[in-house]
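So you can see what is in the structure, the chains are spelled out below.
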Amino acid sequence: MGKKQTVELTLYRYAGKFLFFRIKNRCTECDITYVILQRLMNEQLHGKPVSLRIVPWLDNFWKVIWRGGWHAPILTVNGKVFSQGKVPDIPKLLSKIGKILNDTSLIQQEKMQTEKAVSSYEESEITVYFSPACPHCRQLLAYLDGNQINYAGRDVTKTESARQDVERLTGRLTIPVVVVKGEVISGFDINRLKDRLGISAGDEKVVKPDGEKMIPQFTDRQFEEIYQNAKAVLDKNRIDAWTMPSSRLYPHLWNWDSGFIARGYLHYDPERAYTEMRSLFRGQWRDGFLPHIIFNPEYTHHFPGPDYWKADNSGKVPSGIFTSGISQPPVHATMIVDSVKLDPDKQRALSFLKEIYPKLKKLHDFYFTWRDPQAENLVSIVHPWESGLDNAPLWDEPLAAITETSAWALSMQEKYDKIAEQGERPKRTYIEKYSYLIENMFKYNYDWQKIAENHPFLIQGVLFNSILCRSEIDLGKIAETLGYDAGMHYERADKVKTAINKKLYDEAEGIYYNFDLVSRKHIKRDTIFSYMPLFAGIPDKDRGAKVLNNLRAHCFCIADMDCVAIPSYDMCQVDFEGEFYWRGPVWVNINWYLAQGVRQYGETELSEWIEHSLIALADRYGFYEYYDPDSGRGLGEKDFSWTAALIIDLIAQKLRSEK
Ligand code: GLC
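Rules used throughout
Residues numbered from 1 in each chain as written. Predicted model: local features only at pLDDT ≥ 70, side-chain atom pairs only at ≥ 80, totals over all residues. Heavy atoms only, no water. Pairing = 2+ DSSP bridges. Helix = DSSP H or I, 4+ residues; strand = E, 2+ residues; numbered from the N terminus. Axes fitted to C-alpha atoms, helices over the stretch in contact; angles between N-to-C directions. Contact = heavy atoms within 4.5 Å. Near = heavy atom within 4 Å. Polar contact = N/O pair within 3.5 Å; in protein donor to acceptor, adjacent residues only side chain to side chain. Salt bridge = Lys/Arg side-chain N within 4 Å of Asp/Glu carboxyl O. Buried < 20%, exposed > 50% of the residue type's maximum accessible area, 1.4 Å probe, protein only.

Draft legend 1. Layout of the sheet that holds strand β4 (residues 50-56). Read across the open sheet, the 4 strands follow the order β4-β1-β5-β6; overall the sheet is mixed. Edge positions in the sheet fall to β4 and β6 (80-84), since each has one partner strand and no second. Sheet twist, expressed as the average angle between the axes of neighbouring strands with direction ignored, equals 20°. In this structure, strand β1 (residues 7-13) lies alongside strand β5 (residues 74-77), joined through 4 bridges in antiparallel fashion. By the bridge assignment, L11 is partnered in β5 with L75. The strands touched by helix α2 (residues 57-65) within the sheet are β1, β4 and β5, with β4 carrying the most contacts at an inclination of about 115°. Running over the sheet, helix α3 (residues 90-101) touches β1, β4, β5 and β6 and is turned about 150° from β1.

Written out as structure tokens, the structure is:
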């Protein structure tokens, strides 16, 4: 018997440093290759004796240059250069691996792919896969039309086979894709296209993009009208002393929602803002924990309800109140820090701050005491829902690693399906894990120490810790307003900031990532949440510039793309889904944070574009829970409270700054 064969793949990405040189730019091919290889490892190569190493090219260039590899991305297979300077041919790669491992299923991939690909090339010399909404596609089509180049267009929104072709040809679901003279080009890569088509600079007709990025403008009257419509949404959703996120799907009181809602009320009815906060903190547990839902006893149809959470068994819930057993990001201090400034009745504002300050402090103390198991000044969450970003791609890997499921989840899904739109909400596989995590918590009666020691989901999140950091600063400001000592808050904020910069920042990539305390790895997903430290002033000036460069280099519609506002997930990722909750759509609260963040680092125009785009969305489509980044179509719940509240905040600030 021969020695068992293994395959070692090494990807040299365009990144790293050597002597005085440091690579600052990103390379799209490297990013695509990275995503595809990760995906192959999880799918076709899963369980096979194949390992993947990803290394910065410039730190390691001398290791491959003598093997002929000089143009990143370079992929080596067992040390030999397989491809360079472009996204590798995936069927060929699988076939090569198959030959080394003597694995016929992999070897056949190449044959299958070639047969299928050839048949579509025959249709036309140039085939373009596009969707009408994708900005890069529009640019590409305009370029081809403008230069009178014939092509066969295939709209991926119309035919499933076009979507499948894209995936088959590129290994991902990103458009545009051009198949030109047998070569597959991903994205609008004008130079490669010209090269393949033999267009020289002199012959080329330059086509202007179909409209520059315009900052939507409003008259004061329009602002006033949108403002009044937003107020009507809050009025509609307010019952007694608090406000539902929306009346259909969210008939209870939600933690961070109420924070955002209070910010809206501060501008026109501060008393309501204070009442909202009082109602929320009624549910604060004895240890300072603030649940993500305080249940409205009049609605029994929400699932999972109080009976499922069994929070009462903890012995920490105030009597007569029903709550969930997980929390949400502590946005509150930031949302009410301007009470004295905005309330015409300063005494009333001061007495509210005096009343709420000890509760906020107790909440922040809770996080540092019970949610920082390794005393790193980084708070960890115990459930994806605690992040507020329920089904973001960030949780895919940590959830996939959990093997236990909950049979009960099935019944929950059935109830859920009845009230939620199909396709826009998390699917059953996720729900099973979500409920397993809840069951694991009530098993320990919400004893946080035991949970930290025995829980399969513990994540130090970038968004959560950035929000906490900013809230500590704002709690310090509240303490100062009240004449209290603010030192401890500023110190704590500083410690969180240092910890985020130290542990959650990836120097080579220039980006912040969540850290998974269970697998002890960073979660390298390109979501918009990586950019939230800007809002809390966490990176210094240089690092801030680097982070902004990254934001521009990714597909977040910032450089030359023109979507309706910033999507929650990088649009060039294979699993970007523009209509699916936290996996792509535009969310108003996240854009609101981002607009403030980029402004702090000098990007005034971008900030204004984001804020005005949000107002335009609300004006055009209404106050939705989230929006499709391409079309702007409102999705999820209609008349959603935090959307209305933050639009009120934006308009109020704009009108004030005009005066
Ligand atoms: C969803 C969102 C969460 C929000 C809640 C109520 O669960 O993911 O962030 O707080 O709805 O609006």
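Next comes the rest of the description.
Draft legend 2. Quick peek at the site of the ligand. The local shell around the ligand consists of P245, Y250, W254, W256, D257, Q328, G388, D390, Y581, W582, F640 and W642. A distance of 2.6 Å separates an oxygen atom of the ligand from a polar atom in the side chain of D390.

Draft legend 3. Broad picture of the pattern of salt bridges. Tallied over the entire structure, the rule returns 38 salt bridges. The partner of R278 in a salt bridge is E355, with the nearest N and O atoms 2.8 Å apart. Note that R278 is positioned in helix α10 (residues 270-281) and E355 in helix α14 (residues 346-370), a separation of 77 residues in sequence. For R278, a relative accessible area of 30% corresponds to the partly exposed category. With a closest N to O distance of 3.5 Å, K546 and E507 form a salt bridge. Placement of the pair is K546 in helix α21 (residues 541-553) and E507 in the loop between β17 (505-506) and β18 (511-512), with a sequence separation of 39 residues. You can call K546 partly exposed: its relative accessible area is 24%. Given a relative accessible area of 41%, E507 falls into the partly exposed group. The network of salt bridges with shared partners includes E271, R278, D343, R348 and E355.

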